[in-house]
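Structure at a glance
Residues per chain, in single letters:
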Amino acid sequence: MRVGLLGAIRVDDGDDAVDVPGAKQRALLALLAVNAGTVVSDGRVLDELWGDALPDNPANALQKRVSELRKLLGADRVIRRGEGYVLEIPRHAVDSLDFEDRVAVARTAEQLSAALALWRGPALAELADLPFARAEAARLEELRWAALEDRVEADLELGRHHELSGELPTLVKEQPLRERLRCQLMLALYRSGRQAEALRTYSEGREVLAEELGLDPGPQLRAMEFAILEQDPSLALPDVATAGNLPAPVTTFVGREAELRAVADRLEGHRLVTLTGPGGAGKTRLALEVARGLVATTADGVWLAELAPSSDPRTVAATVAVAVGAGEKGDDPVTPLERTIARLRARQAVVVLDNCEHVIDAAADVASAVLAACPDVRIIATSREPLGIAAEAQVPVPALGADDAARLFAERAEAVRPDFDVDVDTAADVARLCEQLDGLPLAIELAAARVKALPVGQIVARLQDRFRLLSGGARDAAARHRTLRAAVEWSYDLLFDEERTAFRQLAVFPGSFDLEAAEAVCVAAGIDAVDVIDLVGHLVDKSLVVTDGSRYRMLETLRQFGVDRLEAAGELRSATQAHAEHFISLGHAAGPHLTTATQVTWLDRLDREVDNMRAALGWVVDDDPVRAMAVLGAITLWMWPRGYREEARSLIDTALRRAPDISGVARCRALRCASHFGNGVERDRRRHRADERTAEALALAETLGDEEELAGCQRQHAITLVRRASYTGDLSVLHEAGELVARSEATFARLGQMWGQAIAVVVEVFVALAAGDLPRAERLCDQGWPLAVASGERFVIERILFVRALAAKVRGDVDGAIELHEQALAVSRELGFPEGIAVHRSQIEALAATSRTGDGASASLSPDESFVMGATQVAAGRAAWNAGDLDRAEALYREALAVYDAAGMRRARASVMESLAQLRG
């Protein structure tokens, strides 16, 4: 979505224009847009939109406008935050902010022209009666003219005076009091051989200033007249031959506004700025773009020294000397470094040292010496690691953002296939491709070259073999940039042997990892534990590993290269095993904590390792299925609430198939775990399989003499029976369920296992609800609550709060039910339980609707919850019927009917319809 304020106010959502009707709506949009990403308080909105003419109910009027705008733009874009509202879109999606940001970093005439092209007409003109719009329009208009003057200045530096002498008279006529613009017209006319016209322009300006402002021309305008009269040599076009040796760009430069600004800001306070990043990140292109922007303001030129061809560090100083015009002459005994310093000592210049990583020490020595001897020289270096000298400031070059990456792909693809376009058919594939290529410009450009022969979707499908696929670089590119493999090998080949070993081992991590995990896999490969932190640090410095300060990760392209190297070295199995051993141990360590007050801490820890845990579980299921069953049992209370149930069910099924001879307690626990993850699925065959496994686990447990295991199986089988009742409508199984879970609860109480006792009580609660016995369910909640709180396990707490909320709703206590659902929602959020969050949100909304209108609203419930809620409402309806309150009974039956309808429970629905028919009869 993009908002346009530079001209008629408009909103574009992709290719579609969004109509924003009404002056107040457009004013609200404009106010939020000029402050995009920032909260605009209610008071300010009211003041700016209505001023002193406030409506009778200001809050309602504001809410109405906001609601209407949300319908147009989306509720996720107009957000309530604190005491006001914020338009949640990036700055570049508002043309006025995009213009402002572009101007701030623009260094060339082309960049300024691109920024000015965003203007479609006067800014905010249709809101000229509103003070904020007038002030913003005036500010933007001044910024536009200043940018226009800067663009003209850049064009003059490039020798475009003939074109400007035709353009500038119109601009000066429009803004006759802008002295800088008039000076620029005078200079363009003078350089075009039209000295008399240039002087006449000065005279006209003097008359306008006297007539309009009663002022004489300023010093800039007077100095220009004097210089023209004297034909001052300084007015001549600069000798472009001395301006440096930067190559002209051959393709467009895409994105990187933030990085351009960052490098420019760094150069303001530091004389050496090093752009670091992995191969293919676009360091050279970014450095050259920054350098081109400095040409006009650097008196003695901007010079590029390309170090990639310098395979011998001893040639670095000579390469730099030749680049800055200080090459060897005759039998000159002076060293190349001395010649470079002599050339630059009294000059204001910028030197770009490109591709320093393979000659890092020599490049650092040259940079240090030049900076010490040449006070007006600045250096921009590109390297996969820092130069490591005192004057250095670093600017890491990150991956391209999603939008810029897609734009780069589109532009490069269109160059090889003119009919290519990112449209509704290709946008998703392009986004996936750019994401899987880590936003690396080189990889994206190589992929775009394949569009001539392959659809984007097929390119994405082949990225598992990316190093073979992405090998068609331009012939005039450096050898290391012609293929993706060559770009990565360039970095890998620069590593020392132990660094290469560490790089290969770390490639085994599919996700981010911490230092402890890195030590585990590296030590298994023979690296001393004390050396791991330094080796990881070296790989971070060399842009082969990324860190946020506490965790590390590899870009997927680098990781795949490392895995290839692991396989080639015969180390893949040992590295995979070391990785799996570490995370399987973590799973076992986490298990006991998942039923205690430290649960959330350990859930968060496992969440951070989710990719690693998946890989480890996949390996251990193949390698040792019995062990896999044990660890899956240990982390059940992570995988269940976090929504990894189908994944866990598939793993445990595979493990059971591969270890059919497992027996005793191990088999009992595995079956119980399989039943746990198999319960609740929608397909009858799977539910039946879960029932069978629960029954087998219970029968086996009864023969083992292990009280704890037996109690766990009793509880699990009771859950299965409640679910069977919910799917079949057969309530006869609830008696058996009640007896089983009561025995389970008694055993856990005797063993002193508080969480086991608490969860058993919760299962008893659901048995009572399924039987329609709400009073018993509430009594059990009272019994289980202190156990749940004492254990600290949030899932038990959330379930009891859910039941209490359900009971409050059935009693007609809507406010109490909302409050309990809000408490349960807070626990679900802390627990990271997506189903709980969805259920409690929808229940709160439904209850709030009931409170406002008296009509219930639909709410999202699991099948189990739907069943117990419907059963509870039916029981309450039956009690109301027996008490003679037929209206109340009918209302409760209809609520139960709505719940069963939403859940698709045909048998339960038929039973309620029969009760309604009897009630009416």
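For the structure itself, look to the data block above.
Summarised in this report is the structure supplied together with it. Because the structure is a prediction, the values reported are computed rather than measured.

Rules used in this analysis
Residues numbered from 1 in each chain as written. Predicted model: local features only at pLDDT ≥ 70, side-chain atom pairs only at ≥ 80, totals over all residues. Heavy atoms only, no water. 1 Å grid on protein atoms, 1.4 Å probe; cavity = no way out; pocket = protein on both sides within 12 Å on 5 of 7 lines; lining within 4 Å. Points joined across faces, edges and corners; volume = space filled by probe spheres on them. Nonpolar A, V, L, I, M, F, W, Y, C, P; charged D, E, K, R; others polar. Helix = DSSP H or I, 4+ residues; strand = E, 2+ residues; numbered from the N terminus. Buried < 20%, exposed > 50% of the residue type's maximum accessible area, 1.4 Å probe, protein only. Axes fitted to C-alpha atoms, helices over the stretch in contact; angles between N-to-C directions. Left-handed = near helix turned anticlockwise from the far one by under 90°. Contact = heavy atoms within 4.5 Å. Pairing = 2+ DSSP bridges. Right-handed = clockwise from strand over helix to strand, strands pointing away. Phe/Tyr/Trp six-rings, centres within 6.5 Å; stacked < 30°, edge-to-face > 60°. Lys NZ or Arg CZ within 6 Å of the ring centre and 35° of its normal. Core = buried A, V, L, I, M, F, W, Y, C linked by side-chain atoms within 4.5 Å. Salt bridge = Lys/Arg side-chain N within 4 Å of Asp/Glu carboxyl O.

Examining empty space enclosed by the protein
Under the counting rule described, the total for this entry stands at four cavities of 30 Å³ or more. Of the pockets and cavities examined, the largest cavity occupies roughly 60 Å³. What lines the largest cavity is simply E357, R384, E385, S491, L494, L495, K542 and L544. Here the residues of the lining of the largest cavity are counted per class, giving three nonpolar, one polar and four charged. Along the walls of the second largest cavity sit V320, T340, L344, V351, L353, V366, A367, V370 and I379, which together make up its complete lining.

A look at unusual backbone geometry
Positive phi values are uncommon outside glycine, yet Q231 reaches one of about 50 degrees. Among the structural elements, Q231 can be located in the loop between helix 10 (219-230) and helix 11 (257-269). According to the relative accessible area criterion, Q231 is partly exposed, its value standing at 47%. The backbone of R256 sits at a positive phi, close to 65 degrees, despite the residue not being glycine. Within the secondary structure, R256 sits in the loop between helix 10 and helix 11. A residue is classified by how much of its surface remains accessible, and R256, at 4% relative accessible area, is buried.

Quick look at the packing of helix 22 (residues 497-506) against helix 23 (residues 515-524)
Following both chains from N to C, one finds helix 22 and helix 23 inclined at 115 degrees, their axes separated by 9 Å at the closest point. Both helix 22 and helix 23 take part in a crossing whose hand is right-handed. Packed against helix 22, whose contacting residues are A502, Q505 and L506, the element helix 23 presents A518, V521 and C522 at the interface. For the contact of helix 22 with helix 23, the class distribution of residues is five nonpolar, one polar and no charged.

A closer look at the pairing of strand 9 (residues 349-354)
Each regular strand carries side chains that alternate between the two faces of the sheet. The buried count for strand 9 comes to six of six residues, which makes it a mostly enclosed element. Of the two faces of strand 9, the one holding A349, V351 and L353 and the one holding V350, V352 and D354 are both buried throughout. With five bridges joining them, strand 8 (residues 302-306) and strand 9 adopt parallel strand pairing. Bridge assignment links E306 to a residue of strand 9, and that residue is D354. Bridge analysis of strand 9 against strand 10 (residues 377-383) gives five bridges, and the strand direction is parallel. Along strand 10, the bridge assignment pairs V352 with I380. At this point the chain moves from strand 9, through helix 15 (residues 360-373), to the parallel strand 10, and the crossover so formed is right-handed.

Re the sheet that holds strand 8
Reading across from one edge, 8-9-10-7-11 is the order of the five strands in this open sheet, with parallel pairing throughout. Looking along the sheet, the strands with just one partner apiece sit at the ends: strand 8 and strand 11 (392-396). Sheet twist, expressed as the mean angle between neighbouring strand axes with direction ignored, is 20 degrees. Pairing of strand 7 (residues 272-276) with strand 11, which is carried by five bridges, proceeds in the parallel orientation. The residue bridging T276 from the neighbouring strand is P396, located in strand 11.

Regarding the sheet that holds strand 4 (residues 40-41)
Pairing within the open sheet is antiparallel, and its three strands lie in the order 4-6-5. Lying at the two open borders of the sheet, with one neighbouring strand each, are strand 4 and strand 5 (78-81). Bridge count between strand 5 and strand 6 (residues 84-87): four bridges; the pairing is antiparallel. Note that in strand 6 the partner of I79 across the bridge is V86. In the packing of helix 3 (residues 58-73) onto the sheet, contacts are made with strand 5 and strand 6, and the angle to strand 5 comes to roughly 135 degrees.

Digging into the packing of aromatic side chains
This model, assessed by the stated rule, comprises 10 aromatic pairs. Here Y492 and F503 contribute two aromatic rings whose centre-to-centre distance is 5.6 Å and whose plane-to-plane angle is 55 degrees, an arrangement assigned as tilted. Taken as a pair, Y492 in helix 21 (residues 484-493) and F503 in helix 22 lie far apart in primary sequence, 11 residues in all. A relative accessible area of 1% means that F503 is categorised as buried. An angle of 70 degrees between the planes, with centres 5.4 Å apart, marks the rings of Y492 and F561 as edge-to-face. Of the two residues, Y492 sits in helix 21 while F561 sits in helix 25 (residues 556-568), which places them 69 residues apart along the sequence. The burial state of Y492 is the same as that of F561; both residues are buried. Connected via pairs of aromatic rings, a cluster forms that spans F509, F513, Y552 and F583. Lying across the ring of W119, R144 places its NZ or CZ 5.3 Å from the centre. Residue placement shows R804 over the ring face of W785; its charged tip is 5.0 Å from the ring centre.

Section: the nonpolar core
Core analysis: the biggest nonpolar cluster contains 153 residues, and I380, F409, L433, F503, L506, W638 and M639 have the highest contact counts within it. Considering every element that reaches this core, the biggest residue donor is helix 38 (residues 794-810), with 12 residues. Look past the residues within four positions of F409 in its chain and what remains in contact with it is F420, V430, L433, C434, I444, A447, A448, V451 and V456. V18, V20, A93 and V94 belong to the second largest nonpolar core, which has 38 residues in total.

So, the pattern of salt bridges
In the structure shown here, the tally under the stated rule is 53 salt bridges. A salt bridge links E126 to R26; its shortest N-O distance comes to 2.7 Å. Within this pair, whereas E126 is found in the loop between helix 5 (109-116) and helix 6 (131-157), its partner R26 is found in helix 1 (residues 23-34), the two being separated by 100 residues in sequence. Note on R26: relative accessible area 18%, which makes it buried. A salt bridge links R81 to E88; the nearest nitrogen and oxygen atoms lie 2.6 Å apart. The class of R81 is partly exposed, set by a relative accessible area of 37%. Given a relative accessible area of 34%, E88 falls into the partly exposed group. Each of the salt bridges in this network shares a partner with another, and the network as a whole consists of E142, E149, D150, E153, R178 and R180.

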